[in-house]
Amino acid sequence: MAGDSSTSAAPTADPISPARASSTKVLADKAAKFIADHGEIEFDYEEERGVLGRIDMRILPLLLGAYFFQQLDKSSLSYVSIFGIIEDAHLTSQEYSWLGSILYFGQLAFQPIAAFLLVRLPTGKVIGTAIILWGACETLLAASTTFRSLIALRFLLGAFEALIAPSCIAITQMWWRRSEQTLRTSYWNAMNGVTQIVGSLVTYGLGHIASHRVYSYQVIFVFCGGLTVLFGIVFILLMPDSPMEARYLSEREQLVAVERLRANQMGVASRRWKWGHVLETCMDFKTVLWFLIMTSISIASGGIGTFGNLIVKDFGFTNFNAILFNIPFGVIQFVVTIASAAIATKTRRKGLVIAGLSILPVTGTILMLAVPRKNGNTKGVLLFGYYLVSCLGAITPMIFTWQGQNTGGDTKKKTTTAVVIVGMCVGNIVGPQLFSTRDAPLYRPGLIAALVQFVLVGALGLLIPIYLMFLNKWHSKKRVQLGKRADMVDESMLKKKEMIHTEGKEHVVSVEDDRGLQDLSDLMNEDFIYVY
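Sequence positions are assigned chain by chain, starting from 1 and proceeding in written order. Restriction of local features to residues with pLDDT of at least 70 applies here, the model being predicted, together with a cutoff of 80 or more for giving and counting side-chain atom pairs; totals for whole chains, interfaces and linings are based on all residues. Working from all heavy atoms in the structure, the side-chain values ignore hydrogens and water.

**Looking at helix H4 (residues 93–120)**
The periodicity of an α-helix, 3.6 residues per turn, causes residues three or four positions apart to be oriented the same way. Counting from the N terminus, the helices are DSSP H or I runs at least four residues long and the strands are E runs at least two residues long. Take the residue count of a helix, subtract one, and multiply by 1.5 Å to get its expected span. Here H4 contains 28 residues, and its C-alpha end-to-end distance of 42 Å stays within 8% of the 40 Å for a straight helix at 1.5 Å per residue. Throughout, the bend at a residue refers to the angle made by two axes, fitted to the seven residues ending there and to the seven starting there. Gln 111 marks where H4 bends most, by close to 50 degrees; the proline Pro 112 follows one to four residues later.

**Topic: the packing of aromatic side chains**
Any two rings among Phe, Tyr and Trp, with Trp reduced to its six-membered ring, count as a pair given centres within 6.5 Å; such a pair is stacked if its planes are under 30 degrees apart, edge-to-face if over 60, and tilted if neither. Taken as a whole, this structure holds 14 aromatic pairs when the rule is applied. An aromatic cluster is built from Phe 68, Phe 69, Phe 231 and Phe 235, whose rings are joined through pairwise contacts. Placement of a charge over a ring requires the Lys NZ or Arg CZ to be within 6 Å of the ring centre, with the centre-to-atom vector within 35 degrees of the ring normal. Over the ring of Phe 528 we find Arg 178; its NZ or CZ atom is 5.2 Å from the centre of that ring. The ring of Trp 474 carries Lys 478 above its face, with NZ or CZ at 4.6 Å from the centroid.

**Comments concerning the side chain of Lys 286**
Mapped onto the elements of the fold, Lys 286 is located in helix H13 (residues 285–313). When its relative accessible area of 2% is taken as the criterion, Lys 286 is described as buried. Contact criterion: two residues are considered in contact whenever any of their non-hydrogen atoms come within 4.5 Å of each other. Once residues lying within four places of it in the same chain are set aside, the contact partners of Lys 286 are Asn 406, Lys 412, Tyr 467, Leu 468, Leu 471, Asp 522, Leu 523 and Tyr 530. Residue exposure (1.4 Å probe, protein chains only): buried if accessible area is under 20% of the type maximum, exposed if over 50%, otherwise partly exposed.

**Quick notes on the pattern of salt bridges**
Just to be clear on terms, a salt bridge is a Lys or Arg side-chain nitrogen sitting within 4 Å of an Asp or Glu carboxyl oxygen. The final tally for this structure, using the stated rule, is 15 salt bridges. Residue Asp 527 is joined to Lys 484 by a salt bridge in which the shortest nitrogen-to-oxygen separation is 3.1 Å. Highlighted residues: Asp 527 in the segment after helix H21 (496–501) and Lys 484 in the loop between helix H20 (444–481) and H21, separated in sequence by 43 residues. Look at Asp 527 and you get buried, because its relative accessible area is 10%. For Lys 484, a relative accessible area of 30% puts it in the partly exposed group.

**Some details on the confidence of the model for the protein**
A residue's pLDDT is the confidence the predictor assigns to it, expressed on a 0 to 100 scale. Across the protein, the average pLDDT comes to 82, with 83% of residues at or above 70. Mean pLDDT across the secondary structure elements of the protein bottoms out at H21, with 52, and peaks at helix H16 (residues 350–370), with 95. Contacts for the low-pLDDT stretch residues 1–27, under 50 throughout, to residues beyond four places or in other chains number 100 contacts. Every residue in residues 501–508 scores below 50 in pLDDT, and together they form 17 contacts with partners more than four places removed in sequence or on other chains.

**Looking at the packing of helix H2 (residues 45–80) against helix H11 (residues 251–259)**
Every axis corresponds to a line fitted to the C-alpha atoms, with the helix fit spanning only the stretch in contact, and the corresponding angles, defined between N-to-C directions, vary from 0 to 180 degrees. At their nearest, the axes of H2 and H11 sit 10 Å apart, and the two run at 95 degrees to each other. As the angle between them shows, H2 and H11 are arranged roughly perpendicular. Listed contacts from H11 to Glu 47, Glu 48, Val 51, Arg 54 and Ile 55 of H2 are Arg 252, Glu 253, Val 256 and Ala 257. Under this grouping Gly is polar, as are all residues other than the nonpolar Ala, Val, Leu, Ile, Met, Phe, Trp, Tyr, Cys and Pro and the charged Asp, Glu, Lys and Arg. Its residues assigned to classes, the contact of H2 with H11 comprises four nonpolar, no polar and five charged. Our angle categories are set so that under 35 degrees counts as roughly parallel, over 145 as roughly antiparallel, 65 to 115 as roughly perpendicular, and the remainder as oblique.

**Focus: unusual backbone geometry**
For the bond running from Ala 440 to Pro 441, omega is 5 degrees, close enough to zero to count as cis. By the secondary structure assignment, Pro 441 is in the loop between helix H19 (410–433) and H20. Of note, Arg 348 is a non-glycine position whose phi angle comes to about 60 degrees, a positive value. Owing to a relative accessible area of 15%, Arg 348 belongs among the buried residues under this scheme.

Here's what the structure looks like:
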């Protein structure tokens with residue numbers, strides 16, 4: 001097997017004939033038990049493509065909706081910032097910054113609980129319940145007119161949202177092959193851009209509502225929160241907990257959905273918590289690298305995300321124009337997120353793509369720092385710089401996918417993702433604190449800090465693949481010691497054309513001997529191939 005970066009010889013995925021497991025070995029993964037209980041099947045590429053289409057039509061829209069509403073509710077503070085919440089709630093500049101940061105304290109505090117719940121409980125039900133609860137918190141923000149009540153509800157909002165990013169990653173790993181995960185992750189992360197567009201338009205419309213009884217920001221909170229609660233109910237009703245429990249698929253389609261994931265060498269679901277995986281997560285140097293790169297991009301995005309509307313307003317635009325000029329920000333973020341994922345899928349080099357992406361916000365930040373603002377003639381250049389910074393949104397989903405594709409074992413996948421989300425939370429806590437309305441209109445300290453982080457992200461994007469190459473060589477030596485081939489092909493990274501043109505060459509492994517279905521961590525599974 002080979003990763004993004006390895007050998008070109010490729011076996012086919014068709015036909016597949018999994019062997020029945022013997023009773024002498026315990027099957028740790030639920031997918032292995034499912035295959036063993038239902039026996040052997042054979043399917044070709046066309047049948048697999050049909051099942052993939054059904055998965056995309058049901059699971060993907062639910063993921064898109066969950067991430068959209070999470071981002072919409074989280075970003076609502078930025079939208080209402082120019083509609084008087086600072087004045088109406090009598091907030092100081094530092095208190096407003098803390099309202100941006102406290103949400104990530106909630107996410108940070110609940111990450112260990114989120115990881116445990118996603119391993120032990122039915123995934124669909126857990127996520128749907130979380131969506132309803134955070135939607136209720138968003139709605140209750142409308143009744144909050146003091147700093148204390150606002151910060152308490154923002155903390156709870158973050159606590160319930162703590163499940164969303166790790167659960168979206170877990171679902172992507174559970175339903176799609178590694179070669180398909182990069183684009184699917186980019187789709188639901190691209191909802192950040194859609195949120196910018198929809199949120200700006202909704203805010204523009206609701207902000208024009210004039211009332212002596214309610215503030216504009218209260219209307220926005222009720223609208224966003226109410227829609228979120230409704231979507232949470234729909235999510236519970238429609239989201240299966242795993243491919244083995246997808247009632248909308250026939251039994252054969254369930255088998256195809258499970259069997260096609262064997263090449264991932266990551267497992268599907270075990271519902272067993274393993275403390276050994278937790279320890280390995282803490283000791284794995286990859287975990288440190290994922291934490292650092294996610295923290296760096298989140299420091300930059302956290303500050304700019306919270307203060308984005310205020311930054312644009314201080315270019316010299318009115319409140320409503322500042323909102324409308326954030327629409328292109330969202331469009332660019334949406335397009336760049338999906339385009340960069342497509343490039344990474346084609347080139348199989350996520351580190352290089354991340355390094356290339358970081359150049360765009362570096363350039364944009366330099367423009368915002370260097371271009372003078374003494375007259376209105378530089379508004380266009382400043383906006384161009386701001387739009388270049390919006391490309392940072394494509395980096396986070398790339399990191400999500402990259403770390404997920406390089407982690408094996410049910411508990412380790414969830415705990416590694418939790419560490420990455422902790423890095424995101426830490427960055428988003430620190431980021432808003434580096435910006436202050438006292439620094440308006442230039443926001444120079446915050447922008448310089450963001451610039452440093454963008455450079456660090458680019459450097460890590462170039463360095464991490466070097467360590468992954470070392471791990472692949474280490475696994476190659478372990479395979480030789482066990483009498484296996486040193487160079488193997490990673491079937492999970494095959495493109496569709498490669499799967500068709502290499503038909504009939506697959507080496508079939510029985511369920512009980514498949515290392516990927518024994519709930520082993522990536523470091524303990526010598527057949528696991530790291531992707532660059």
